[in-house]
Amino acid sequence: MRFIHISDVHLGIVPDKGKAWSSVRAQEIEQTFDKILDTAEERKVDLLLVAGDLFHNTPTVQELVRLDNRLAELSVTRTVIIAGSSDHIEKDSPVENYEFRSNTVILPAGEFSNVYFDDINTCVTGFSYDQTEYTDNFASGIGPQRENATNVLLLYGGDSRHGAFDFKELAGSGFDYVALGCLRKPKHMVKNRMAYPGSPEPVSHTDTGRHGYIYGQIIDGETRIKWEPAALRSYINLGLEVKPEYTDRQIETAIRNQIDKMGCENIYKVILKGQKGRGVKPQFDKLPEDYKIYEVVDNTMFDYDTASLVRDNEHNILGRFISDLTGDADETGRKALEYGLEAIIATGEK
């Protein structure tokens with residue numbers, strides 16, 4: 001039995017609202033989902049397992065019809081879906097009564113249920129959310145529901161607000177594979193037996209790292225899975241070490257060179273660190289015209305020789321101020337020292 005395992009797709013989300021690329025990202029989330037379906041068709045996988053948050057909100061009838069039409073194009077693959085926190089199944093919501101014409105099953109909410117496929121001798125057990133949070137371990141005691149068959153468990157959650165699962169218990173529960181959802185980054189919990197695929201496409205600037213899906217096979221009771229990349233672009237935290245001799249132009253050029261090297265298609269949070277010369281105040285107004293810059297964080301300090309300043313101002317306000325704050329090594333303390341020095345020097349008072 002061959003399968004593709006996805007989760008946390010968030011169809012319908014509009015990432016990075018207010019940014020120039022926001023609508024493009026919304027389309028790309030749809031495109032990457034379509035690309036995974038194309039892969040399922042090409043490989044003729046038996047099952048598409050969706051472990052929650054396929055939609056960013058409870059789906060409308062129109063969204064379900066669109067999904068149904070797309071899944072109906074799969075000639076072999078059967079789809080089994082559970083609802084997660086974001087797309088939980090509310091009472092009397094469209095998903096409760098929608099009848100799929102494609103070979104698709106959305107498992108009912110608020111209880112464990114299962115579906116058995118005779119031709120591949122596979123039973124898929126799962127639990128759909130009917131609310132946004134479950135603080136109890138609702139999966140405790142769950143086990144395979146079909147003897148002498150391949151048994152797969154679909155679960156959404158794993159933290160204190162979403163199931164609080166005992167992963168050690170799940171690992172020993174007897175399922176051939178536990179397909180998890182809720183994390184937007186991939187995480188392998190038990191080799192070849194239990195994993196989070198992460199979102200196929202990142203949906204927030206906090207979703208750094210790789211994104212994709214899991215392809216797996218279960219043959220004669222032996223499970224093998226492989227994580228495969230799918231995302232069209234990545235969110236990257238780009239750190240740049242600034243030196244005191246850098247000019248405004250050199251700092252901007254260094255950022256441009258790094259982005260050109262790492263990929264202009266990606267979305268960047270630029271983090272400046274190190275020391276810059278006094279009077280250096282780089283402006284980045286032009287960068288967003290050429291690159292996707294989510295934000296620029298300036299954690300640099302001005303290049304003050306604090307030891308000399310303390311020695312030359314031992315008995316005045318400036319010296320006392322530096323002495324009081326120099327020992328504070330955290331970011332807030334360093335910034336307070338920098339801003340305070342600038343303010344005192346600007347007044348000319350010592």
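Residues numbered from 1 in each chain as written. Predicted model: local features only at pLDDT ≥ 70, side-chain atom pairs only at ≥ 80, totals over all residues. Heavy atoms only, no water.

Draft legend 1. Summary view of the packing of helix α1 (residues 22–43) against helix α2 (residues 61–71). Axis separation between α1 and α2 bottoms out at 11 Å; the angle between their running directions is 30°. Relative to α2, α1 is oriented roughly parallel. Of the residues in α2, those in contact with F33, D34, L37 and D38 of α1 are L67, R70 and L71. Considering only residue class, the contact of α1 with α2 consists of four nonpolar, no polar and three charged. (Axes fitted to C-alpha atoms, helices over the stretch in contact; angles between N-to-C directions. Helix = DSSP H or I, 4+ residues; strand = E, 2+ residues; numbered from the N terminus. Parallel < 35°, antiparallel > 145°, perpendicular 65-115°, else oblique. Contact = heavy atoms within 4.5 Å. Nonpolar A, V, L, I, M, F, W, Y, C, P; charged D, E, K, R; others polar.)

Draft legend 2. Summary view of the sheet that holds strand β8 (residues 177–181). Within the open sheet, the six strands sit side by side as β5-β6-β7-β8-β10-β9. Their pairing is mixed. Every interior strand has two partners, whereas the edge strands, β5 (112–117) and β9 (187–190), have only one. Here the average twist between neighbouring strands, direction ignored, is 20°. Relative to strand β10 (residues 194–196), β9 runs antiparallel, the two being bridged by three bridges. Bridging across to β10, V190 finds its partner in M194. (Pairing = 2+ DSSP bridges.)

Draft legend 3. Broad picture of the pattern of salt bridges. Summed over all chains, the structure comprises 16 salt bridges. Among the charged side chains, a salt-bridge network with shared partners connects R25, E28, E201 and R233. (Salt bridge = Lys/Arg side-chain N within 4 Å of Asp/Glu carboxyl O.)

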